[in-house]
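Listed below, chain by chain, are the residues.
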Amino acid sequence: MSSDESVTQDLIKTLENGDEGFQRAAEKLASSNEPELAAEFTKFGAQRRQFATELQQLAADYGDQVDKRTTVPGALHRGWMAVKDMLAGSDADGVLDAAAQGEDHAVEEYESAMKADISDGLRSVITRQFAEVKAARDRVVSARDSANAKHS
């Protein structure tokens, strides 16, 4: 497996996990009377789907195979979110904590990908995507911190 293929595969899995996480979080936020945040999280999920599709197309153009299995960190994040929901009674604070943790993971995956020995074409795509992933993470962290400050 080429470095491009490996990096692309890892990022696609991270993005798919993020999409699912954002969609689940949006549902919880909507039911926690946080419609603005729910709408924002829905948009972040759609962004992750778009990024995954872009990387899948790039991989296909290169003739790479992309494995569709879920990553262990992603599965752990979803599992952690379910536990956090139970503990927090599905309130917005618990959902935001879980989302921030998931977004920290996504940023780490992109940082790792950019350190890899990859083609210039792939590097260009992931550098652009990383800027948006990082901005989304920063927004999630800001929302979490605001919610925590309200309850202090």
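Our structure is the block above this text.
An account of the accompanying structure is given in this report. (Residues numbered from 1 in each chain as written. Predicted model: local features only at pLDDT ≥ 70, side-chain atom pairs only at ≥ 80, totals over all residues. Heavy atoms only, no water.)

Further remarks concern the packing of aromatic side chains. Aromatic rings in a pair are described by how distant their centres are and how their planes are angled relative to each other. Counted according to the given criterion, the structure contains four aromatic pairs. Centroid distance Phe 41 to Phe 44: 6.2 Å. Interplanar angle 45°. Geometry classified as tilted. Of the two residues, Phe 41 and Phe 44 are both situated in helix α2 (residues 35-62); the distance of three residues between them amounts to about one turn of the helix. Across the pair, Phe 44 and Phe 41 agree in class, each one buried. (Phe/Tyr/Trp six-rings, centres within 6.5 Å; stacked < 30°, edge-to-face > 60°. Helix = DSSP H or I, 4+ residues; strand = E, 2+ residues; numbered from the N terminus. Buried < 20%, exposed > 50% of the residue type's maximum accessible area, 1.4 Å probe, protein only.)

To continue, consider the packing of helix α4 (residues 92-115) against helix α5 (residues 120-150). Packing of α4 against α5 brings their axes to within 9 Å, and their N-to-C directions diverge by 155°. Viewed along their axes, α4 and α5 adopt a mutual orientation that is roughly antiparallel. As for how α4 packs across α5, the hand of that crossing is left-handed. (Axes fitted to C-alpha atoms, helices over the stretch in contact; angles between N-to-C directions. Parallel < 35°, antiparallel > 145°, perpendicular 65-115°, else oblique. Left-handed = near helix turned anticlockwise from the far one by under 90°.)

Residue position: Glu 103 is located in helix α4. A residue is classified by how much of its surface remains accessible, and Glu 103, at 3% relative accessible area, is buried.

Take the side chain of Gln 47 next. Looking at the secondary structure, you find Gln 47 in helix α2. For Gln 47, a relative accessible area of 13% translates into the label buried. A polar contact is formed between the side chain of Gln 47 and the side chain of Arg 48, at a distance of 3.3 Å. (Polar contact = N/O pair within 3.5 Å; in protein donor to acceptor, adjacent residues only side chain to side chain.)

So yeah, pure geometry; function would need other evidence.
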